[in-house]
Amino acid sequence: MSLSCSIDIIIEVQQFLYREARMLDDENYDEWIKLLTDDIHYWMPGIQARYRKDKNQIAPDRMAFFDDDLEYLKLRVSRAKQPSAWAEDPPTRHFHLVSNIEVEVTVDPNEWVVHSVIVNSRLRCEDDKMDMHARRKDLIRRVEGGALKLARRMIILQETVLLSKNINTFL
């Protein structure tokens, strides 16, 4: 059972996630990277369709679409900006919808566990549309200077089979 947060913290965390979504929509990746802590773990495990009694639908020792630290995220951002990133020319138009934000206190007064759901719509050219639906569990930390930063992100896709042609996106 989680303890409740103050409304001020809830609003601040919501605004942080909305601002992050706008940065991703605008492909403002250099600013987005600044929202991450040095020890970020950005993880999107593969989901397996298993019987209800099997509680191991998600396991760290199985396949993951992303299992990134800060250096690898910076590398992904760098590659996305290269002229040779032909898969993104013309660029994908992104739309991140973040909702159902729930903020939980932790034992550390400067960290919060944040649950949310996300829809990422990506459109390319005239008729290429891809949607991804996911639940997220984040750890958001207040760092020196008072800013909020993302320290952990676990992204749980709702699809067990990736229907998109690629995942050239951040969720």
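Above this note sits the structure.
Residues numbered from 1 in each chain as written. Predicted model: local features only at pLDDT ≥ 70, side-chain atom pairs only at ≥ 80, totals over all residues. Heavy atoms only, no water.

Visitor: I'd like a description of the pairing of strand 4 (residues 111–124), backed by residues and values.
Guide: With ten of its 14 residues buried, strand 4 lies for the most part within the structure. Where strand 3 (residues 93–105) folds back onto strand 4 in an antiparallel hairpin, the turn is made up of five residues. Of the strand pairs in this sheet, strand 4 and strand 5 (residues 128–142) are connected by 14 bridges, and their pairing is antiparallel. The partner of Val113 across the bridge, within strand 5, is Leu139. Here strand 4 folds back onto strand 5 in antiparallel fashion, the turn holding three residues, of which Cys125 has a positive phi close to 50 degrees. (Buried < 20%, exposed > 50% of the residue type's maximum accessible area, 1.4 Å probe, protein only. Helix = DSSP H or I, 4+ residues; strand = E, 2+ residues; numbered from the N terminus. Pairing = 2+ DSSP bridges.)

Visitor: Account for helix 3 (residues 70–80), naming residues and giving values.
Guide: The periodicity of an α-helix, 3.6 residues per turn, causes residues three or four places apart in sequence to face the same way. Every buried residue of helix 3 is listed here: Leu70, Leu73, Arg76 and Val77. Down the axis of helix 3, the buried side of the element spans an arc of 120 degrees, and every buried residue falls inside it. Of the surrounding elements, those touching the buried residues of helix 3 are helix 2 (29–33), strand 1 (36–45) and strand 2 (64–68). For helix 3, the N-terminal cap is Asp69; the gap from its side-chain oxygen to the backbone nitrogen of Glu71 is 3.3 Å. (Arc of directions from axis to C-beta. Contact = heavy atoms within 4.5 Å. Polar contact = N/O pair within 3.5 Å; in protein donor to acceptor, adjacent residues only side chain to side chain.)

Visitor: Please provide a residue-by-residue account of unusual backbone geometry, values included.
Guide: One non-glycine residue with positive phi stands out, namely Glu27, at about 55 degrees. By the element assignment, Glu27 lies in the loop between helix 1 (7–25) and helix 2. Notably, Asn100 is not glycine yet its phi reads approximately 50 degrees, a positive angle. Positionally, Asn100 belongs in strand 3.

Visitor: Let's hear about the pattern of salt bridges: which residues, and what values?
Guide: Counting across every chain of the model gives nine salt bridges. A salt bridge links Glu12 to Arg142; the shortest N-O distance between them is 2.6 Å. Of the two residues, Glu12 sits in helix 1 while Arg142 sits in strand 5, which places them 130 residues apart along the sequence. You can call Arg142 partly exposed: its relative accessible area is 22%. (Salt bridge = Lys/Arg side-chain N within 4 Å of Asp/Glu carboxyl O.)

Visitor: Outline the packing of aromatic side chains, supporting the account with residue identities and numerical values.
Guide: Within the structure shown, the criterion is met by five aromatic pairs. Geometrically, the ring pair formed by Trp32 and Phe170 is tilted, given 4.6 Å between the ring centres and 40 degrees between the ring planes. With Trp32 in helix 2 and Phe170 in the segment after strand 6 (148–157), this residue pair connects regions lying 138 residues apart in the sequence. Overall, Trp32 belongs to the buried group, its relative accessible area being 0%. For Phe170, a relative accessible area of 5% puts it in the buried group. (Phe/Tyr/Trp six-rings, centres within 6.5 Å; stacked < 30°, edge-to-face > 60°.)

Visitor: How would you explain helix 1 if you had to name every residue and give the values?
Guide: For helix 1, built from 19 residues, the straight-helix expectation of 27 Å at 1.5 Å per residue is met to within 8% by its first-to-last C-alpha distance of 27 Å. Here helix 1 has its buried residues at Ile9, Val13, Phe16, Leu17, Glu20, Ala21, Met23 and Leu24. The buried residues of helix 1 occupy one face: seen down the axis, they fall within an arc of 165 degrees. Summarising the geometry of helix 1, the exposed residues directed more than 90 degrees from the buried face are Ile7 and Asp8. Here the buried face of helix 1 lies against helix 2, strand 3, strand 4, strand 5 and strand 6. Looking one or two residues beyond helix 1, the residue adopting positive phi is Glu27, at roughly 55 degrees. (Expected span 1.5 Å × (residues − 1).)

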